[in-house]
Amino acid sequence: MAVDKTAVVLLSGGLDSATTLAMARKAGFRCYALSFDYGQRHKKELEAAAAVARAGGAHEHRVAALGMGFIGGSALTDLALSVPQAPTTGIPITYVPARNTVFLAVALGWAEVLGTQDLFIGVNAIDYSGYPDCRPEYLAAFENLANLATKAGVEGARFHVHAPLLHLTKAEIIKAGMELGVDYGLTLSCYAPNEAGRPCRTCDACRLRAKGFADAGVADPALI
């Protein structure tokens, strides 16, 4: 299949971003996958991201080192804070301050260098933890910023932020990914995996994933 369009795809190594990569590929994009080593305690996800990028046909995969742990404020970057193992109210402590804004900004910079105007991110506003940077109004605002804050935008290019999972349930995401041949056995969603990379099965991410597979009526291949 000839490819005449390119995109930068944010790839965490989790279920959602793996599905997003597959959807971008299905749409005919040559995909430049971008992951982040930002000081997260679940750094095993980067190994998953590399595996997903290879299996998912990414044209290139890069890992950006950011080290966001110095600002603290999140159980994912501050080892003094515990990842909740039961449901909580409000925005959970696993929220990383401004994470998607930082990630999309770096992706935007790479996209400008590559000469592409398409960014893909696997955020979801249905079965999610309530993070403010996963909402449609946030994505619209960032897209507007991208077109105001770049040389390419000023010169007439039009950036687009694609979030194909935004209004899907987790079960719908899983079913869509399976139709596209996504190997979910390669993915890692857990916020607190053990040293071997096995999920804890009790954190918020694990609970959302388990519910998704249950609702989809299929077994999670990462647990087999």
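Residues numbered from 1 in each chain as written. Predicted model: local features only at pLDDT ≥ 70, side-chain atom pairs only at ≥ 80, totals over all residues. Heavy atoms only, no water.

Novice: Where do I start with the overall build of the protein in this structure?
Specialist: In terms of helices and strands, the protein carries seven helices and five strands. In the protein, the succession of α and β elements from N to C terminus is β-α-β-α-β-α-β-α-α-β-α-α. Against the compact-globule benchmark of 17 Å for 224 residues, the protein has a radius of gyration of 17 Å, which places it among compact chains. By its C-alpha atoms, the protein is 50 × 40 × 30 Å across when sized along the principal axes. Per-residue burial over the protein gives 49% buried out of 224 residues. Within the protein, counting contacts between residues at least 6 apart in sequence, those at least 24 apart form 71% of the total. Of the roughly 10,300 Å² of accessible surface on the protein, a fraction of 56% belongs to carbon and sulfur atoms. With 20 positive and 21 negative side-chain charges, the protein shows a separation of 3 Å between the mean positions of the two kinds. (Helix = DSSP H or I, 4+ residues; strand = E, 2+ residues; numbered from the N terminus. Rg over C-alpha atoms; globule rule 2.2 N^0.38 Å. Buried < 20%, exposed > 50% of the residue type's maximum accessible area, 1.4 Å probe, protein only. Contact = heavy atoms within 4.5 Å. Areas by Shrake-Rupley, 256 points an atom, 1.4 Å probe, with all protein chains shown as cover. Lys, Arg positive; Asp, Glu negative; His and termini not counted. Charge placed at Lys NZ, Arg CZ, Asp CG, Glu CD.)

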